[in-house]
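What follows is the residue order along each chain.
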Amino acid sequence: MLEIKKYGAIDIGSNAIRLLVSNIIVAEGKEPQFKKSALVRVPIRLGADAFVSGIISEQNITRMIDAMEAFKLLMKVHNVERYKACATSAMREAKNGLEVVDKILTETGVKIDIIGGKEEAAIISSTDLNQLIEGNNSYLYVDVGGGSTEFTIFSEGKIITSKSFKMGTVRLLNNKKAVNKEIFSNVEKWIKKNTLGLKNLSLIGSGGNINKLFKMSGRLEGKPISFIYLNAQYQFLKQMSYQDRISELSLNPDRADVIIPAIKIYISAMKWSGASKIYVPKIGLSDGIIKSLYYNKL
């Protein structure tokens, strides 16, 4: 017997807002399969509001309401039976975050949960990491967002420790250099201390920027990217102007600027942990929300 369910996940990030619609294929005696049916991404940069002025602007509140209305209609067309909406660091830090959530609920009927960094890391790591983290190897899982980066250390298949740092791409673009220097220094200490003595350590990267880089590399799914390749890409992209990254490399305007601080975070994490390669599974918060919904973890 075969059963197909449709679930939706709304991820309200600091750089963009996403709707993922997923088919869950349940066959007797088999593990359920999660297959992407649709993914819509809207570049509403909430972090540029929250990390600079401390509030979500009226203009962006209106755009969010429009996005939620559109997502609701899309989910209706797709016959989505269950969905969940989660907001991360920009909404966490905006002084009017809860107010915005209430307004969206009143206007659209979409209930948004503002989740903490730890919860965000837990939802993401409930995805398909199992295939990667089997065996005796150690991994530093790095999820780079617009407002924060979640670090999780796995060794011998178990979570050793995890921490969320206010080190996101949109935030780094808007911060003063001295502030960024201090954040990088704190993360360096944490990574060095917690990866000390771990052998054969590799990175696992998630987030829109590393997914884009992986696509650009032409690597086969499941194959890692080397530190040398990533560092060369970093130097190459850094030398290009923002305009050239859009026109020559066909990067989206809201990706062409944040990709630089994103690669810097991954490269730094590789240096500090001694990792020479990074795996890029296709996972993110929205995938985690779908799975957590299905397994009733949310």
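Anything mentioned here points back to the structure above.
Quick look at the structure, then. All residue numbers refer to position in the chain's written sequence, counted from 1. Where totals are concerned, whole chains, interfaces and linings use all residues; where local detail is concerned, this predicted model gives features only for residues with pLDDT of at least 70, and gives and counts side-chain atom pairs only at 80 or more. Neither water nor hydrogens contribute to the side-chain values; these are computed over all heavy atoms in the structure.

Regarding the packing of helix H2 (residues 58-77) against helix H4 (residues 97-108)
So, step 1. Here the axes come from fitting lines to C-alpha atoms, over the contacting stretch only for helices, and the angles between their N-to-C directions go from 0 to 180 degrees. Secondary structure follows DSSP: runs of H or I at least 4 residues long count as helices, runs of E at least 2 residues long count as strands, and numbering of each begins at the N terminus. Their axes nearest at 10 Å, the elements H2 and H4 cross at an angle of 40 degrees. Classified by the interaxial angle, the pair formed by H2 and H4 is oblique. Note on packing geometry: the crossing formed by H2 with H4 is right-handed. Counted together, Glu 58, Ile 61, Met 64, Ile 65, Met 68, Glu 69 and Lys 72 of H2 and Val 100, Lys 103, Ile 104, Glu 107 and Thr 108 of H4 form the full contact between these two elements.
So, step 2. All residues other than Ala, Val, Leu, Ile, Met, Phe, Trp, Tyr, Cys, Pro, Asp, Glu, Lys and Arg, Gly among them, are scored as polar; the first ten of these are nonpolar and the last four charged. Per-class residue counts for the contact of H2 with H4 are six nonpolar, one polar and five charged. Just so you know how the angles are binned, under 35 degrees is roughly parallel, over 145 roughly antiparallel, 65 to 115 roughly perpendicular, and the rest oblique. By definition, any crossing whose near helix is turned counterclockwise from its far helix by less than a right angle is left-handed, and any crossing with a clockwise turn is right-handed. The contact definition used throughout considers only heavy atoms, calling two residues in contact when any of these lie within 4.5 Å.

A short note on the sheet that holds strand E7 (residues 149-155)
So, step 1. Spatial ordering of the open sheet is given by E8-E7-E6-E9-E11-E10, a layout of six strands whose pairing is mixed. The open sheet has two free edges, formed respectively by strand E8 (158-165) and strand E10 (225-226), since each of these has just one partner strand.
So, step 2. With seven bridges connecting them, E7 and E8 associate as antiparallel partners. Each bridged residue has a counterpart across the sheet, and for Thr 149 the counterpart in E8 is Phe 165.
So, step 3. In the packing of helix H8 (residues 177-195) onto the sheet, the strands contacted are strand E6 (138-144), E7, E8 and strand E9 (201-206), and the crossing angle to E8 comes to about 175 degrees. Paired strands, as defined in this entry, are two strands with at least two bridges between them according to DSSP.

What to know about the pattern of salt bridges
Should their charged atoms come close, side chains of opposite charge can pair.
So, step 1. A carboxyl oxygen of Asp or Glu within 4 Å of a side-chain nitrogen of Lys or Arg is what we treat as a salt bridge. Per the stated rule, a full pass over the model turns up eleven salt bridges.
So, step 2. A salt bridge links Arg 45 to Asp 257; the nearest nitrogen and oxygen atoms lie 2.8 Å apart. Taken as a pair, Arg 45 in the loop between strand E3 (33-42) and helix H1 (46-50) and Asp 257 in the loop between helix H12 (253-256) and helix H13 (259-273) lie far apart in primary sequence, 212 residues in all.
So, step 3. Exposure categories follow from relative accessible area, calculated using a 1.4 Å probe and restricted to protein chains: below 20% of the type maximum is buried, above 50% is exposed, and the middle band is partly exposed. For Asp 257, a relative accessible area of 19% puts it in the buried group.
So, step 4. When the shortest N-O distance is used, the salt bridge between Lys 84 and Asp 113 registers 2.3 Å. Of the two residues, Lys 84 is situated in strand E4 (residues 82-87) and Asp 113 in strand E5 (residues 112-114); the sequence distance between them amounts to 29 residues.
So, step 5. One network of salt bridges, with partners in common, ties together Glu 3, Lys 5 and Glu 81.

Considerations on the sheet that holds E5
So, step 1. The mixed open sheet is built from five strands, whose spatial order is E3-E2-E1-E4-E5. Two strands in the sheet have a free side with no partner beyond their single neighbour: E3 and E5. Across the sheet, the mean angle from the axis of one strand to that of its neighbour is 25 degrees, orientation sign disregarded.
So, step 2. Inspection of the sheet shows E4 paired to E5 by three bridges, in the parallel sense. Residue Ala 87 lies in a different strand from E5, and its bridge partner there is Ile 114.
So, step 3. Relative to strand E2 (residues 17-27), H2 is tilted by about 20 degrees, and along the sheet it contacts strand E1 (2-12), E2, E3 and E4.

Structural notes on the layout of surface pockets
So, step 1. Within this model, the second largest pocket holds a volume of roughly 280 Å³.
So, step 2. Every residue along the wall of the second largest pocket is listed here: Leu 172, Leu 173, Lys 177, Asn 180, Lys 181, Phe 184, Tyr 234, Ile 260, Pro 261 and Lys 264.
So, step 3. When residues of the lining of the second largest pocket are traced back to their parent elements, those giving at least two are helix H7 (169-174), H8 and H13.
So, step 4. The leading source of residues in the lining of the second largest pocket is H8, at four residues.
So, step 5. For the lining of the second largest pocket, the per-class residue count stands at six nonpolar, one polar and three charged. Lining residues are those with an atom within 4 Å of a point, where the points come from a 1 Å grid over the protein atoms alone and group into cavities, where a 1.4 Å probe fits but cannot get out, or pockets, open sets with protein on both sides within 12 Å along at least five of seven lines. Grid points are joined across faces, edges and corners, and a volume is the space filled by probe spheres set on the points.

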